[in-house]
Structure formats: C-alpha cells, structure tokens
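Reading the structure
Here is how the chains run, residue by residue.
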Amino acid sequence: MTTAPTGPLTDVELLIGGMTCASCAARVEKKLNKLDGVTATVNYSTEKAKVSVTGDVTTDDLIATVEKTGYTATLPEPPRGEPADEEAADPTRALRTRLVVSALLSVPVIVLAMVSPWQFEYWQWLSLTLAAPVVVWGGLPFHRAAWTNLRHGAATMDTLVSLGTLAAFGWSLYALFWGTAGIPGMVHPFELTIERSDGSANIYLEAAAGVTTFLLAGRYFEARSKRRAGAALRALLELGAKEVSVLRGGAEVRVPVDQLAVGDLFVVRPGEKVAADGEVTEGSSAVDASMLTGESVPVEVGAGDAVVGGTVNAGGRLVVQATRVGSATQLAQMARLVEDAQNGKAEVQRLADRISGVFVPVVLVLTVGTLGFWIGTGAGLPAAFTAAVAVLIIACPCALGLATPTALMVGTGRGAQLGILIKGPEVLESTRRVDTVVLDKTGTVTTGRMTLLDVVPADGEDADRLLRLAGALEAASEHPIAQAVARAAAERGELPGVDGFTNVEGLGVTGMVDSAAVVVGRPRLLADWSAPLTPALRRAVDDAEQAGSTAVAVAWDGVPRGVLVVADAVKPTSAAAIAQLRALGLTPVLLTGDNERAARTVAAAVGIDEVIAEVLPQEKVDAVKRLQAQGRVVAMVGDGVNDAAALAQADLGLAMGTGTDVAIEASDLTLVRGDLRAATDAIRLARRTLATIKGNLFWAFGYNVAALPLAMAGLLNPMIAGAAMAFSSVFVVSNSLRLRGFAPLPENRDVATALPSGTARVEAPARH
C-alpha cells in the first residue's frame, strides 16, 4: 500500500474499494463533498475518486473519510517495471469461481423443489446440504455489503437480497429442525391453495440458493464489464516504442525506452516508431502522424521539424533529439485524456438500484408492520414470524437477477451475429437519449487510405499510358501517396521495370521507364526539371487542392504529361448511413483533424451540414464537451487512437472494428465490419435491449408486489411463492429471448450477412 503524504493538496486520485453498486459511489462522493474545500467525483465503473482540494485537507483526511463511510481508499500504485500477470490481476476470477460453484450446487436444489415426483425420502436434507454453502459462502458479497450498509444506516438491493435469502434459509432451518419439514418422506405437492399456516412444514431452500446464484451471475457480468474500463489505457500505452537506438559516442546503442533522457539523440529507421517527442537533427522522411492528427496524408519532416512519440517513420532514416520523454510525451498525455474522460463520465445509475432506493425501505417497513400486526392480534409468534418472513421471501427479487443479464446476453449475442458488440448495461441508457452523432472522417466516413480518384492527361496524351508509367515509378517508393498510384496502375495491367530510380526528398521521384526519363511528384519538381505545368494542368492541380485532394504531377522527356488526383475516398455506404442516422432523429457532425477543405468536401458528399475540422485529440474532447454543454447528448463514432479520448468522453462511443484496439477499448459499442450503416442498427439494437430490460424489471417487481398482500395476510402457500418466482423468471427469460428476432434495416442486410459465422474478428474485442 502506498503511504499517503500529508499536507495541502490541489488534485488527488484515490482508488476506492468495497463498492458494490452505483449507490455506494454516490454515498462516498456525498461524504467527500461534505469536507470543506473538497470537490469529488466518484466513478463506480473505474473504482476511482477524482478529488480537487482548495483548503488544508490532506490525503489522510480523505482516506479517513472514505473509511468512515465503510469503504477502503488508497493512492494509486506507481507504474511497475514488470507488467503484472494478467490472469493473477483479474479481479473477476474469485467471483467467477463463486458463481460456478454456486450454480452447480443450486441446480439440484431447484429441480428437487419444483418436481414433486423426484422428492425422495430424504430429499429435503440433501437440499439443505447443497444450499447451505451457496447461501453462506456464495452470498457472502451480498451479506458483507448489507452489513456495511447497516452500519452506516443505508439500504440497497444488497440489503434486500441478504435479508431475503437469510430469512428463507433461516426459516427452512427452523422448519427442518423444529417443525415438520424434516420428517422423512415429506413432499411439497404442487398445489396452489391459499390458506393460513404456521409455516412449520415449509422450506424455501430453492429460493435462497436460486436467488443467490442468479444475482451472482448478474454481479459477475457487471464486474467483467467494469474491468474493461482500464483496457483503453493499457492499449494506449502499448502503442509506444519498447526499445530505442540511442547515439552514444558516435555508435548506436539499443536500450529500453524508459532509459531515454531529454537531450539524447536517437535513430528512427523506416518502419520504426518514434520513441519520444523530439526534434529532427538529421535526415528527412514522411511520418505517419494519423494517430494524433487523424489526417491520412503523411507529414513530411526534415531537420528542425518536431516529431511525436508513437508516430511511424514511413520513409528515410531520421536522427531525433528527445525533448519530452516518459509521462511528458503527447502519447502519455493522450492516455491521461482517456482516463480523465472515463472518470468524468457520469455513471448511469443501475435501474435496479434506483428502484431499490424506494422498494427496499418499503419492504422492510411492511415486514416489521406485518410482524407487529399479527403479534398484536394474538395470532401467536409462529404465525406472525411466518407472515413476516413470507414478506421478505416474496419480495426478494428472483427474476431481478435475470432481468438485466438475460436481456444483455441475448441482445449482445444477437449483436455479435450482426457485427455489433455491446460492452455492458451502462451503455444502453445513453442510446435512448442521444440526439447528436459526431463522426470522425478518416477511416469512419472515408476508407482511411489514399486512393487514386482521377487521371487528368494533358492534351494529346493517353490516360492509360500516363498512369502506367507513373505507377511503375511510384511502385518503388514507400510513400503512401505513391503506393496509391502504384496500386491503381497495377490493377490495370502489369507494370514495366524501372532503371535509375531516385527519390528527391520531399518532392517526388525520378527514373527511366520504357526508355523515357519520367518525373513524378510536386509541380515544383517538374519545374526544377524544366517541365513546368501548362495552364490547363495548373487548373487541374488547383481544382484538386480546392477539393482537399492531393495532386501528383507527371512529366517525361522534359514535357508535362498530366496530373493524378489522390485522396482519402468516401466509403460508398456512408451517405446512406448518414440518412439513416437522421431518420433516427440524430444530427450528424463531422469532426476531423484533416484540413477544412477536405472536410467540407467529404461532408457535402455524404449530407452533413456541421463540420469541425483541423482539431488535435485534446481538441476533439473539447469539441464533444462543447456540444454536451449546449445540452446535447452526444454519440461519437471513430476508429483511430486520436479518437480514443473523445470516444470515452462522449455519452455513447462507437468504434469501427476495422480501427485501432485503443479506439475499440475506449468505446461502448464496436461495429465489427467497419460499415457506418451498422451504427444505425447498433443504436436500434441498444434501444431495443434497454426497453427489454425495463420491461423485465417492471414484471420482475410486479410479480413480487402482487404477492405481497397474500404474504402480509399470512396466506402465502409455499407453492404460490415458488410459482410467483418461477413465472416471473420464465417471463423475464421469454421476454429477453424476443431480442433474437431483432433484424437490421432491410437495406443493411448485406452488412450483417457479409459477416462470416463465428469469425475471429467478432471475438477479438472481447479481450477488453
């Protein structure tokens, strides 16, 4: 445990332990905010508290306050040199073990209780043997939470679950040892009669074990979803270089990147990642900075230019002097942006917890009232206790344990078949309220890679020969624009060989193709080779640049022959996707790090009116925050590292499955196929799943509430209690299974059917 320093603070982060539901986070937050000069935000999902202090409060004071509330608080551990074992660090392992053991023990108990012909001579004692560890050990998380709540005068769903299961188990013990339920050959016949009894023949072991197991399942799925909150940060930090070639004494020395210091000179070869933020001292190259800027065109850099850690050297050898290393780099700052966005994101209160805020106190009051009433009427202690315990048992929401997990499992399973991955229940409520969808341009609305859009030959020149000669020469270059030209040329036929290839850094390439001296590159390179563009070709270049495209000029034998127009092409389905999003009542906004002209051209092509261009990652987050400040509920669709923080900040984040792992980790929904039309179906499916969960919750409580008057009247036959629970559970499961019939919009059927059954790509994002 990290020792807490004392003294005045400005900002501090605490790891909070022991929270079991969103109301726990609200309680901790309320207590911290009562301290003078303290403003705190507690996130149940990430189990962290962000605290700002303006007074003399110390970390000791903050930790003591949290501990008085019934929870634990520590400062985050510093990063370790060796990564922790993933499996050993998995906090869901113990819960998974508890769930599996409880399920194996509970199934026979439930079957024996519900199927009268299988109730052999000593079946009730076998049920007790199997149910006891489930209720005591399996339900321990609920009992602990209930005890914590009790000590601090609070009641949550954990309180009701603990009281209900312990009451059912305790009464079963009474009936078995002191009543008539333990007599050999005792059976629970399946009869739905309403009659008053002293309860000495009634056992509720199947209710106690079944409720515990169902709710453990819900708790496990929730814990697994929570664990994913930190996955975006882990994936982000994995993007950085692991080793770096440092120049020491004129020789290259390969060292771990954490040994790099400010001022060191290091070498970046073609294809390598830049190890830290720095300034180029030697060489020139094209650097792929799309992870930061989102712009698909690589940035040309030379001596004196700044480069950013984590970007990729796409061209020549560079020598860079480190200016920022470790936690000071832009990549590390992006990781902090993602974490801050996740921490600051308002946690959606679980519907069950919201309902329990009213339901639990009411049930407790009714239980005490029932006990007092029957004692007061002289019915006797056994009858009074039977009625009071019956109230607790029937109120214990068996179907509630199934309401969210079953709908979520069916909904997410259907989504996976359609190429839509939903992370957890907290995602769903946002989809109902979303009114604005912010779309990243590169890789989301567009293909994300440079494509040849047009061939403009000079008067009298053949367009096919122009592309063939230019493509042959560009095929020898590693530059992404050159590769776009080469790909397009190769698709039209075999390319001729090249002699005397030369790369003119930052301008283009030259060489001999088919006995012609060919020059391909910027118009300035052609002018240097005494082949300036004609007025018609100059207009073609200007038109391309006005549209946000890149123009590549071509000449051979001293004569300008034409212009090739290259750009990041719009996906053919993007315009239809935007129309579908508008039909759902959403306002589309294009958000990109690319230049204004390119952004406006793409927006016009797909039908988007609002454009925010030339923004860096932190500015993308700010743009989302501005929209939220205007009262909008924002969905963000992106695919790159540069979108991760904005995806986390948005009320609903949707990542293209064809994008980076970091974007997928930071998002709420993943669209496996990378087709923007899937976003429409994803929102529709999420809304349908949420509606199903709400319906499940209503009926889960409805059956219980309907039987409460019978329990209070002392007329609750055990079979009625069992039937009410069974019917509510069957309804919840049946209602959830209806989600299997969800279908994409008719025009989107090809998106779903194109997804191979059981494809590995569907399963990949499950590693968050």
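Residues numbered from 1 in each chain as written. Predicted model: local features only at pLDDT ≥ 70, side-chain atom pairs only at ≥ 80, totals over all residues. Heavy atoms only, no water.

Quick look at the overall build of the protein chain now. Along its length, the protein chain carries 28 helices and 26 strands. Expressed as a percentage of the 768 residues in the protein chain, the buried residues total 53%. Put simply, of all contacts in the protein chain between residues at least 6 apart along the chain, 71% involve residues at least 24 apart. Here the protein chain has roughly 31900 Å² of accessible surface; of this, 58% comes from carbon and sulfur atoms. (Helix = DSSP H or I, 4+ residues; strand = E, 2+ residues; numbered from the N terminus. Buried < 20%, exposed > 50% of the residue type's maximum accessible area, 1.4 Å probe, protein only. Contact = heavy atoms within 4.5 Å. Areas by Shrake-Rupley, 256 points an atom, 1.4 Å probe, with all protein chains shown as cover.)

Glancing now at the sheet that holds strand E3 (residues 48–53). The strand order E2-E3-E1-E4 describes an open sheet built from four strands, whose pairing is antiparallel. Edge positions in the sheet fall to strand E2 (38–43) and strand E4 (72–74), since each has one partner strand and no second. On average, adjacent strands in this sheet sit at an angle of 25 degrees to one another, irrespective of strand direction. Pairing of strand E1 (residues 11–17) with E4 involves three bridges; the strand directions are antiparallel. Within E4, the residue paired with Gly17 across the bridge is Thr72. (Pairing = 2+ DSSP bridges. Axes fitted to C-alpha atoms, helices over the stretch in contact; angles between N-to-C directions.)

Bringing the packing of helix H4 (residues 123–138) against helix H6 (residues 157–177) into the picture now. Packing of H4 against H6 brings their axes to within 11 Å, and their N-to-C directions diverge by 150 degrees. Classed by the angle they form, the pair H4 and H6 counts as roughly antiparallel. Viewed along their axes, H4 and H6 form a crossing whose handedness is left-handed. Residues Gln124, Trp125, Leu128, Ala131, Ala132 and Val135 of H4 pack against Thr165, Leu166, Phe169, Leu173, Leu176 and Phe177 of H6. Residue composition of the contact of H4 with H6, by class: 10 nonpolar, two polar and no charged. (Parallel < 35°, antiparallel > 145°, perpendicular 65-115°, else oblique. Left-handed = near helix turned anticlockwise from the far one by under 90°. Nonpolar A, V, L, I, M, F, W, Y, C, P; charged D, E, K, R; others polar.)

Next up on the list: the UniProt feature "transmembrane region" (unreviewed entry) in the protein chain. Mapped onto this numbering, the UniProt entry annotates "transmembrane region" (unreviewed entry) at residues 99–116, 122–140, 160–181, 201–221, 355–375, 381–404, 697–714 and 720–739. Within the segment residues 99–116, helix and strand shares are 89% and 0% respectively, and the terminal C-alpha atoms sit 27 Å apart. Here residues 697–714 runs as 89% helix and 0% strand, with 26 Å between its end C-alpha atoms. (UniProt positions renumbered as here; feature names shortened; annotations may be inferred.)

Next up on the list: the packing of helix H3 (residues 92–114) against H4. For the pair H3 and H4, the least separation of the axes is 9 Å and the interaxial angle reads 150 degrees. The angle between H3 and H4 places the two elements in the roughly antiparallel class. Handedness of the H3/H4 crossing: left-handed. In contact with Thr97, Arg98, Val101, Ser102, Leu105, Ser106, Pro108, Val109, Leu112 and Ala113 of H3, H4 contributes Trp123, Leu126, Ser127, Leu130, Ala131, Pro133, Val134, Trp137 and Gly138.

Moving on, we get to the environment of Ala743. With respect to the element layout, Ala743 can be found in the loop between helix H26 (718–737) and helix H27 (749–753). Under the relative-accessibility criterion, Ala743 is labelled partly exposed at 29%. Spatially, the C-alpha atom of Ala743 lies 8.6 Å from that of Leu418, the residues being 325 residues apart in sequence. What Ala743 contacts, discounting residues up to four positions off in sequence, is Arg414, Arg684 and Arg749.

The next subject is the sheet that holds strand E9 (residues 285–288). The strand order across the open sheet formed by three strands is E10-E9-E12, and the pairing between neighbours is antiparallel. Two strands bound the open sheet, and with one partner strand each, they are strand E10 (299–301) and strand E12 (312–313). In terms of strand pairing, E9 meets E12 through two bridges, oriented antiparallel. Bridge pairing links Asp288 to Val312 in E12.

With that settled, consider the pairing of strand E19 (residues 516–521). On any regular strand, side chains alternate: one points to one face of the sheet, the next to the other face. Burial runs high along E19: five of the six residues are buried. Summarising the sheet, strand E18 (residues 508–513) and E19 pair through six bridges and their orientation is antiparallel. Bridging across to E19, Val509 finds its partner in Val520. The turn joining E18 and E19, which pair antiparallel and follow one another in sequence, is formed by two residues; a positive phi near 50 degrees is taken by Asp514. Bridge count for E19 against strand E20 (residues 550–556) is four bridges, and the pairing is antiparallel. Bridge pairing links Val519 to Ala555 in E20.

Among soluble globular proteins, nonpolar side chains are generally buried collectively. Membership of the largest hydrophobic core comes to 47 residues, with the highest contact counts inside it found for Ile203 and Leu205. In this view, Leu205 contacts Val109, Gln124, Ser127, Leu128, Ala131, Phe169, Ser172 and Leu176; residues no more than four positions away in its chain are not counted. Of all hydrophobic cores here, the second largest spans 45 residues; its members include Val437, Val602, Ile608 and Ala678. (Core = buried A, V, L, I, M, F, W, Y, C linked by side-chain atoms within 4.5 Å.)

Strand direction decides the pairing type here: strand E8 (residues 277–282) and strand E13 (residues 318–324), joined by five bridges, are antiparallel. Bridge assignment links Val280 to a residue of E13, and that residue is Val320. In the sheet, E8 pairs with strand E11 (residues 306–307) via two bridges, with the strands oriented antiparallel. Across the sheet, the residue bridging to Glu279 is Ala306, located in E11.

As a further point, take the packing of aromatic side chains. Summed over the entire model, instances satisfying the criterion amount to four aromatic pairs. Summarising the aromatic geometry, the rings of Trp125 and Phe177 are spaced 5.3 Å apart at their centres and angled 75 degrees between planes, so their arrangement reads as edge-to-face. In this pair, Trp125 is assigned in helix H4 and Phe177 in helix H6, connecting sequence segments 52 residues apart. Since its relative accessible area comes to 26%, Trp125 is described here as partly exposed. On the numbers, 4.7 Å between centres and 40 degrees between planes, the contact of Trp171 with Tyr174 is tilted. Of this pair, Trp171 and Tyr174 both sit in helix H6, three residues apart, roughly one helical turn. One aromatic cluster in this structure is built from Trp125, Phe177 and Trp178. When the ring centre of Trp137 is taken as reference, the NZ or CZ atom of Arg98 above it lies at 4.9 Å. (Phe/Tyr/Trp six-rings, centres within 6.5 Å; stacked < 30°, edge-to-face > 60°. Lys NZ or Arg CZ within 6 Å of the ring centre and 35° of its normal.)

This part covers the side chain of Glu206. Considering the arrangement of structural elements, one finds Glu206 in helix H7 (residues 205–227). Classification of Glu206 by relative accessible area gives buried; the value is 13%. Every residue in contact with Glu206, bar those within four places of it in the chain, is listed here: Val109, Ile110, Ala113, Met114 and Val211.

Let's shift gears to a nonpolar patch on the surface. On the surface, a nonpolar cluster with roughly 290 Å² of combined accessible area is contributed by Val107, Val111 and Trp118. Mapped onto the elements of the fold, Val107 is located in helix H3. (Patch = residues over 30% accessible without salt bridge, like charges linked within 9 Å, V, L, I, M, F, W, Y side chains within 5 Å. Salt bridge = Lys/Arg side-chain N within 4 Å of Asp/Glu carboxyl O.)

Next up on the list: the pattern of salt bridges. With the rule as written, the count across this model stands at 16 salt bridges. Between Lys50 and Glu13 there is a salt bridge; the shortest N-O distance is 3.2 Å. Highlighted residues: Lys50 in strand E3 and Glu13 in strand E1, separated in sequence by 37 residues. We classify Lys50 as partly exposed; its relative accessible area is 28%.

Bringing the confidence of the model for the protein chain into the picture now. Mean pLDDT over the protein chain works out to 78, with 80% of the residues at or above the 70 mark. In the model of the protein chain, helix H28 (residues 760–763) stands out as the element of lowest mean pLDDT, 30, in contrast to H4, which has the highest, 93. This model gives residues 1–8 a pLDDT under 50, and the stretch forms 21 contacts once residues within four places in sequence are excluded. Predicted confidence is poor over residues 753–768, with pLDDT under 50, and the contacts of this stretch with residues over four places away or in other chains come to 27 contacts. (pLDDT = per-residue confidence, 0-100.)

Of note, Ser106 is situated in helix H3. Classification of Ser106 by relative accessible area gives buried; the value is 2%. Separated by 2.7 Å, the side chains of Ser106 and Thr213 make a polar contact. With near-sequence residues (within four places) excluded, Ser106 lies in contact with Val134, Ala209 and Thr213. (Polar contact = N/O pair within 3.5 Å; in protein donor to acceptor, adjacent residues only side chain to side chain.)

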